[in-house]
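Listed here are the chains, written in short residue letters.
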Amino acid sequence: MPNDAAPAATIEERSTTHGSALAEWREHWPMVVAAMAGLSFATVAVYSMGLFMEPLSREFGWTRAQMSLGLSIVALFAVPLSPFAGALIDRWGSRRLGIPGIVLSAIAFAAFSLATGSLTQWYVLWVCYAIVAIAIKTTVWTAAVSSVFQSSRALALAVVLSGAAVSQTITPLIAQWLIDGYGWRQAFLWMGLGWGSVVLVLLLPFFFDARDHERRAPSSSAERPALTGLTLAEGVRDPALLRIAAALFITSFLGVAVTVHKVPILTQTGLSREVAAQIAASAGIAGITGKLLTGWLMDRWQSGWIGGICLSLPALACLLLLEPIRTPALIVASMMIFGYSAGAYLQICTYLTTRYGGLRHFGKIFGIMAGLMALATGIGPIVAGAVFDHFGNYTALLLAGIPIGLVSGGLVAGLGPYPDWQPACRAVSKPRPR
C-alpha cells in the first residue's frame, strides 16, 4: 500500500539521522566545547573594552573616540585578511591556524598592559592584535565543527557560536573585578594570558578537524567523509551563496547598528537609562535561545523557511518600537526579538554556506563573507549615529529596518533544496542541481 510505505520510510530516515547525530556528539563533543572556548576568547576585546575606557581616560586623558578607534582597526584589517585566513584553513586545517592564533592573540591582548600614554603606541598595539586575531575569527571554529558534523551540524554550530554569548556575559564581570582589585594593567595581562591559557588547554588535546583526522590516521582516511563542494571561483558566482552573503551583510549592518545604539534607542522611547540597560541586557538570554533553538530546528527540517523567518524578525522588532504602536510590553518584546535574531543570524548563514557551498573550500568562501560582515559591522554604528545626528532621533533607522529585515529573510527563504555533496565526488566539484 503506497500510502503506508511513505511514512514508514520517513520514520526510518529520521531514526537513522537521529542515530547519526548521537554518534557525532559522542565522538566530537569535546571538540565542540574547545571550539566554543576558542570563539569566546576571540570576542574578549569587544566585550571588555568598555570597562577599560574610564581608567585609561583617567590616566592618559584619552577620549572615548580615540580609544574606540582600536576596535575599528580590528574591523578594517578583518575585511581584507579574512579571505586569506580562510584559504589557510582550507589548506592546513583549523587546528594549525587556531592554536598559534590563540597563543599570539593572548600575548597581543596582554601587551595592552604596556600602554604608555602615546596614542601612536596604542594604535600600533591594536594593529598587532588585529593581525594575529584573524587566526581566531569565527571561520576557524565553524569550519572545524562543520567538517566533522553532518546530521547535527546546525546544533553543533549553535553551541560553538554560543561562545560569544558566554563571553558577553562573563567578560565584563571578570574585567571589572580585575580592574577594581589589581588595576587595568594587570587586568589586560591576566585576561590575555589567563583566559588564553585556559583555552589552549582545551584546544591541544581536543581540537581536531577532518583534515587532522586524515593526517593522524591516513590508513583509515578512506572510511571518513571527504570534503567536497564548490571551488572558490564557483562559489563567488553561485546564486545561492550570493544571496546568503547579501543576507549576512544587511542583517549584520542592521543588527550592529541597533545593538551599539540600543540603550539610546530605548531612552528615546521615554525609558530611564537604568531601565533601558536592564532591558538591553535581557536580549542576551534571547540570543542564546536563538542559537540553540534555531540549530535544533535546522537539523530537523530543510532550513530555508526557518532562516527566512529568523532573518525577517528584526523587521517586526523595528515596527514594535515605532509610535503609536509601542507600549512598555512591546518594547521589551522588541528587544527580545532583536536578541533572538542576533543570536541566530550568523549561525544560519554559516550553516547555509556549508550546505549550499559544501566544505571543500568553505574557509575561502566564508572568509569572504566574514570580510563583508566585518565591513557591515564597521559602518552600521556610524550610519546609525549619522541618522541620529541629522534627525535628532532613531525613527528613520527603525523605518529603514523594516524593509531591510524583510529583504534579508526573503533572500534565504527561497533557496531551494540542498545540493547533494557526496564523498564519492571528492576529486571534482559537484555542480548544483538546477
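For the structure given in this document, a descriptive report is provided here.

Conventions adopted
Residues numbered from 1 in each chain as written. Predicted model: local features only at pLDDT ≥ 70, side-chain atom pairs only at ≥ 80, totals over all residues. Heavy atoms only, no water. Helix = DSSP H or I, 4+ residues; strand = E, 2+ residues; numbered from the N terminus. Buried < 20%, exposed > 50% of the residue type's maximum accessible area, 1.4 Å probe, protein only. Contact = heavy atoms within 4.5 Å. Areas by Shrake-Rupley, 256 points an atom, 1.4 Å probe, with all protein chains shown as cover. Core = buried A, V, L, I, M, F, W, Y, C linked by side-chain atoms within 4.5 Å. Expected span 1.5 Å × (residues − 1).

**Re the overall build of the protein**
Item 1. When helices and strands are counted, the protein shows 17 helices and 0 strands.
Item 2. Burial analysis of the protein (434 residues in total) assigns 51% to the buried set.
Item 3. Looking at the protein alone, contacts between residues at least 24 apart form 83% of all its contacts between residues at least 6 apart.
Item 4. When the accessible surface of the protein is split by element, carbon and sulfur atoms take 68% of a total near 19,100 Å².

**Overview of the nonpolar core**
Side chains of nonpolar character tend, in soluble globular proteins, to be buried together.
Item 1. Phe-52, Trp-122, Trp-126, Tyr-129 and Trp-141 are the most contacted members of the largest nonpolar core, which has 99 residues in total.
Item 2. At 9 residues, the largest contribution of residues to this core is made by helix H15 (residues 328-357).
Item 3. Once you skip the residues sitting within four places of it in the chain, Phe-52 turns out to touch Ile-179, Trp-184, Ala-187, Phe-188 and Met-191.
Item 4. Among the nonpolar cores identified, the runner-up in size contains 21 residues, and Ala-257, Leu-321, Ile-337 and Phe-338 belong to it.

**Points about unusual backbone geometry**
Item 1. Cis geometry marks the peptide bond from Glu-323 to Pro-324, where omega comes out at 0 degrees.
Item 2. Mapped onto the elements of the fold, Pro-324 is located in the loop between helix H14 (304-320) and H15.

**Description of helix H8 (residues 184-206)**
Item 1. A rise of 1.5 Å per residue sets the reference length of H8, with its 23 residues, at 33 Å; its end C-alpha atoms lie 33 Å apart and thus fit the reference within 8%.
Item 2. All buried positions along H8 are accounted for by Trp-184, Ala-187, Phe-188, Met-191, Gly-192, Trp-195, Gly-196, Val-199 and Leu-203.

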